[in-house]
Amino acid sequence: MANTPQAKKRIRRNANRAEVNGARISRIRSFLKKVEVAIEGGDKKAASEALKTAQPEMARGVARGVLHKNTVARKMSRLSKRVAAL
């Protein structure tokens, strides 16, 4: 259990950051889900549009520190390849 005021504040801040970061990750997953649904539906135009909107969100996740750079690069690459194959 935290005893010092600084440790107590840190616990509060960590809880707030975890909430914000969870919302960011959820938002990114929603964008990725739209791409996946479009790919499953076989709609290349919708898939490419969804991918174009998902890419900046993923990059923003990297910039904010909620996702690793290589993870996002790998996901973008795989999605781009799947959209191009439609």
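Note: the structure precedes this text.
Residues numbered from 1 in each chain as written. Predicted model: local features only at pLDDT ≥ 70, side-chain atom pairs only at ≥ 80, totals over all residues. Heavy atoms only, no water.

Novice: An account of the overall build of the chain is requested, with residue identities and associated values reported.
Specialist: Secondary structure summary: the chain contains 3 helices and 0 strands in total. Helices and strands in the chain line up, N terminus first, as α-α-α. Computed over the C-alpha atoms, the radius of gyration of the chain is 17 Å, more than 25% above the 12 Å expected from 2.2 N^0.38 for a compact globule of 86 residues. Here the C-alpha coordinates of the chain stretch approximately 60 × 20 × 20 Å along the principal axes. Taken over 86 residues, the chain has a buried fraction of 22%. A sequence separation of at least 24 residues applies to 60% of the contacts in the chain between residues at least 6 apart. Carbon together with sulfur atoms contributes 52% to the accessible area of the chain, which is approximately 6300 Å² in total. For the chain, the distance from the average site of its 22 positive side-chain charges to the average site of its 6 negative ones is 12 Å. (Helix = DSSP H or I, 4+ residues; strand = E, 2+ residues; numbered from the N terminus. Rg over C-alpha atoms; globule rule 2.2 N^0.38 Å. Buried < 20%, exposed > 50% of the residue type's maximum accessible area, 1.4 Å probe, protein only. Contact = heavy atoms within 4.5 Å. Areas by Shrake-Rupley, 256 points an atom, 1.4 Å probe, with all protein chains shown as cover. Lys, Arg positive; Asp, Glu negative; His and termini not counted. Charge placed at Lys NZ, Arg CZ, Asp CG, Glu CD.)

Novice: Kindly report on the packing of helix α1 (residues 5–41) against helix α3 (residues 69–84), identifying the contributing residues and their values.
Specialist: At their nearest, the axes of α1 and α3 sit 10 Å apart, and the two run at 25° to each other. With respect to their mutual orientation, α1 and α3 come out roughly parallel. Crossing hand, α1 versus α3: left-handed. Residues L32, V35, E36, I39 and E40 of α1 form the contact with α3, whose own contacting residues are K75, L79, R82 and V83. Among the residues making up the contact of α1 with α3, the classes are represented as 5 nonpolar, no polar and 4 charged. (Axes fitted to C-alpha atoms, helices over the stretch in contact; angles between N-to-C directions. Parallel < 35°, antiparallel > 145°, perpendicular 65-115°, else oblique. Left-handed = near helix turned anticlockwise from the far one by under 90°. Nonpolar A, V, L, I, M, F, W, Y, C, P; charged D, E, K, R; others polar.)

Novice: Outline the pattern of salt bridges, supporting the account with residue identities and numerical values.
Specialist: Inspection of the entire model under this criterion finds 4 salt bridges. One salt bridge in this structure joins E57 and R27, with 3.0 Å as the shortest N-O distance. Here E57 is found in helix α2 (residues 44–64), whereas its partner R27 is found in helix α1, with 30 residues between them in sequence. Between R82 and E40 there is a salt bridge whose closest N-O contact spans 3.6 Å. With a gap of 42 residues between them, R82 in helix α3 and E40 in helix α1 connect regions that are remote in the sequence. (Salt bridge = Lys/Arg side-chain N within 4 Å of Asp/Glu carboxyl O.)

Novice: Residue-level account of a positive patch on the surface, with values.
Specialist: There is a patch of like positive charges on the surface, built from K9, R10, R12, R13 and R17. With respect to the secondary-structure elements, R17 resides in helix α1. The exposure class of R17 is partly exposed, given its relative accessible area of 43%. (Patch = residues over 30% accessible without salt bridge, like charges linked within 9 Å, V, L, I, M, F, W, Y side chains within 5 Å.)

Novice: Explain the nonpolar core to me, using residue names and the numbers behind them.
Specialist: Formed by 15 residues in total, the largest nonpolar core has its most connected members in L32, V35, I39, M58, L79 and V83. Of all the secondary structure elements, the ones that give two or more residues to this core are α1, α2 and α3. Per element, the largest residue contribution to this core is 6 residues, and it comes from α1. Other than its neighbours up to four places away in sequence, V35 contacts A47, A50, L51, A54, L79 and V83. (Core = buried A, V, L, I, M, F, W, Y, C linked by side-chain atoms within 4.5 Å.)

Fair warning: the whole summary comes from geometry, so function is off the table for now.
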